[in-house]
Amino acid sequence: MAVQKPVGDVTNVNQPPPRRDLAPHLSLLLLCVDVAASTHTLAACPAHPRLAKPMGLVEGPGGLGQGGAAATLGEDGHDAEGKYEEYGYNAQLSDRISLDRSIPDYRPKKCKQLTYPEDLPQISVVFIFVNEALSVILRSVHSVVNHTPAHLLKEIILVDDNSDSVELKFNLDQYVNKRYPGLVKIVRNSKREGLIRARLHGWNAATAPVVGFFDAHVEFNSGWSEPILTRMKEDHTRIILPAIDNIKYNTFEVQQYANAAHGYNWGLWCMYIIPPQEWLDKGDETAPIRTPAMIGCSFVVDREYFGEIGLLDPGMEVYGGENIELGMRVWQCGGSMEVLPCARVAHIERTKKPYNNDIDYYAKRNALRAAEVWMDEYKSHVYMAWNIPMNNPGVDFGDVSERLALRKRLQCRSFRWYLEHVYPEMRIYNNTITYGEVRNSKASGYCLDQGSEDDDKAILYPCHGMSSQLARYSSEGLLQLGPLGSTTFLPDTKCLVDDGRGRTPSLKKCDVVSRVSQRLWDFTQNGPIISRDTGRCLEVEMSKDANFGLRLVVQRCSEEQRLAAPVCGIFTPSDGNRAPSLAQAAELPPASVEGEQRPCGRARRLKWPASLTFSHMYRIE
Ligand SMILES: [Mn+2]
């Protein structure tokens, strides 16, 4: 309960996109009406020695999953479970689906009437992977060959980020060299570097003027390359994203996704967002959709231009954040980013990612790098979203001096310009004075928490440092609790309200309180939190019936509170697993962070009730 992780996907869209950020009509998958199978696959599949069969794989038209239909293994699928664990999709089923299966043509109808120039630049297609099922990688390769005019596809580059599996070494080499002689290069990292630097190795190996970067669990739609290469030929400072459709991880059914741009929240987790109003007003589904950032599983760049603007930040680790950073950078430094609905790629949203340890940590670390380099005075919003202090955030984000120098060299615009022109849907919280966890000085293991999202009741809950326990105090006197609303696609954070009725403070939409003063509070760090409307204090009382024996109340201010145990040091949000017993919480001063220690006052016997204090709030710098 009450624990809310940042929503969204790390760069590679290996999780379902966070539908809560889409308007309801966008979150519905459009059902495929026209499932007529593409004949392209058949035509593009010349007679060749069957290489797949000895490896237990299937080539050629027809069979299971044909036309993007849902498939099952039936009776013999009993050990599929294990493979979900391994790959985050049903790899055993994938092995039985043809590498050349067709998928539905989900392009807007008008796309098929468009014509493109003859002399388009060639593309190098880079697939990055680590520990992926061989059949899934090979279907990505077959699919791009089957759906790209041969004269436009210069090469395919497979970057293996030091996978563990043996079949991804010998079998993969042997297969692609025989099946596509001269077309496929394989680059192998000798140590695991993360998908960000893996992409850079792919870029280094690429020789075509245009380079496309893709996860190795995708299938391409007909005619995906021509509209992209046409837009690229017109203006090489565009970064172009194919529209993404979904391959279901369990059945490999291909589902159409609605037209969307790629946005993010202040934690820099990406999410699909509604296209800009101008695009919707125009009513032309083939038009490029301006996008502030990218999901990251598929994007196409001009090879040289990508180098000029600084590739991806090589100081970012594993993945997450680099997709947002590239969006900010290309816009701020004079280029652009767009989604092309006529160019479509279907992608498996895996249930798990191969880099399963500490993804949150790397996403946070990388987000801070982007914030420090590109976000100017708005970088506070990233620290706020992650609920960490701006001083000593407890995260080593490395050296950003080279990236700052790059920004200077390219003479890039401000983040404010970018917000105004490219991402106006972002909510701005510049009136925040302080933010962080609100802990009671007598039960320091417990934090003010938004509780269940439906019941409008703030609660006390063991501190876990996540966004349901993010409190913000604004210059007007609002006390808001819960994750940042971040964008206008979502409701904003609720306000803590004392409506004078009863003793339970409520959480309400800030603009629906009956009297303005009911949502206003006075506070001083380590002092009481007092309603400007009723003069009552936000306090904690012990109660046998309440969860954890603690109840949050508004009541006549206890005098005792002013003698509450002193708070010492500055504290980082807790790790969530350290809910102290009530006895411990009540008796002991909180442990302070190493390096930040100040002498604490002696723990004393405490009386109840006790006032809540902002003991863990961080000042905006
Ligand atoms: Mn992916």
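Everything numeric here is computed off the predicted structure, so don't read it as measured data.

### A word on the overall build of the protein
What the protein contains, in helices and strands, is 16 helices and 24 strands. Burial analysis of the protein (621 residues in total) assigns 50% to the buried set. Of the contacts formed within the protein by residues at least 6 apart in sequence, a portion of 76% connects residues at least 24 apart.

### Quick notes on the nonpolar core
If you look at the biggest cluster of nonpolar residues, it comprises 156 residues, and the most contacted ones within it are V126, F127, I137, V211, A370, V382 and L460. No fewer than three residues from each of domain 1 (19-106 + 115-348) and domain 2 (432-619) sit in this core. Every residue in contact with I137, bar those within four places of it in the chain, is listed here: F127, F129, E132, L172 and A216.

### A few points about the packing of helix α5 (residues 134-147) against helix α6 (residues 170-179)
Where α5 contacts α6, the two axes come as close as 11 Å, and the packing angle between them is 25°. Relative to α6, the element α5 is oriented roughly parallel. You can see that α5 and α6 cross each other, and the crossing is right-handed. On α6, the residues touching L134, I137, L138 and V141 of α5 are N171, L172, Y175 and V176.

### With respect to the pairing of strand β8 (residues 261-264)
Alternating positions in β8 separate into two faces, A261 and G263 on one and H262 and Y264 on the other, with burial throughout. The pairing of β8 with strand β9 (residues 270-273) spans four bridges and is antiparallel. Within the sheet, the bridge partner assigned to G263 lies in β9 and is M271. Where β8 hands over to β9, the hairpin turn is made up of five residues, of which L268 adopts a positive phi near 65°.

### Side note on the environment of H147
With respect to the helices, strands and loops of the structure, H147 is situated in helix α5. For H147 and S222, which are 75 residues apart along the polypeptide, the C-alpha to C-alpha distance reads 5.3 Å.

### Some thoughts on the packing of helix α11 (residues 322-332) against helix α12 (residues 359-374)
At a minimum axis separation of 9 Å, α11 and α12 run at an interaxial angle of 15°. If you check the angle between α11 and α12, you find them roughly parallel. α12 is crossed by α11, and the crossing has left-handed handedness. Every residue of α12 that contacts α11 at E322, I324, E325, M328, R329 and Q332 is listed here: N366, A370 and W374. Here the contact of α11 with α12 is built from residues that sort into four nonpolar, two polar and three charged.

### Observations concerning unusual backbone geometry
At N387, a position not held by glycine, the phi torsion is positive, near 60°. Notably, D456 is not glycine yet its phi reads approximately 60°, a positive angle. Residue placement: D456 occurs in the loop between β14 (443-449) and β15 (459-462).

### So, the environment of S474
Counting through the fold element by element, S474 comes out in strand β16 (residues 471-474). Counting along the chain gives 45 residues from S474 to Y429, while the straight-line C-alpha distance between them is 8.6 Å. The contacts of S474, once residues within four sequence positions are left out, are N431, T432 and I433.

### Points about α11
The buried count for α11 comes to 11 of 11 residues, which makes it a mostly enclosed element. Taken as a whole, α11 has its buried residues at E322, N323, I324, E325, L326, G327, M328, R329, V330, W331 and Q332. Of the residues one or two after α11, G334 is the one with positive phi, at around 100°.

### Things to note about the environment of K353
Along the chain, K353 turns up in the loop between β12 (336-348) and α12. Residue class for K353 comes out buried when judged on the 20 C-beta atoms lying within 10 Å of it. Taking the C-alpha atoms as reference points, K353 and E86, separated by 267 residues in sequence, lie 9.1 Å from one another.

### Concerning the confidence of the model for the protein
Per-residue confidence for the protein averages 83 on the pLDDT scale, and 80% of its residues sit at or above 70. Segment residues 1-47 is flagged for pLDDT under 50; beyond a separation of four residues in sequence, or across chains, it makes 111 contacts in the model. Across residues 560-608, where pLDDT falls below 50, the model places 82 contacts with residues more than four positions away in sequence or in other chains.

The rules we used
- Residues numbered from 1 in each chain as written.
- Predicted model: local features only at pLDDT ≥ 70, side-chain atom pairs only at ≥ 80, totals over all residues.
- Helix = DSSP H or I, 4+ residues; strand = E, 2+ residues; numbered from the N terminus.
- Buried ≥ 20, exposed ≤ 12 C-beta atoms within 10 Å, placed from the backbone.
- Contact = placed C-beta atoms within 7 Å.
- Core = buried A, V, L, I, M, F, W, Y, C linked by C-beta atoms within 7 Å.
- Domains from an automatic or database assignment.
- Axes fitted to C-alpha atoms, helices over the stretch in contact; angles between N-to-C directions.
- Parallel < 35°, antiparallel > 145°, perpendicular 65-115°, else oblique.
- Left-handed = near helix turned anticlockwise from the far one by under 90°.
- Pairing = 2+ DSSP bridges.
- Nonpolar A, V, L, I, M, F, W, Y, C, P; charged D, E, K, R; others polar.
- pLDDT = per-residue confidence, 0-100.

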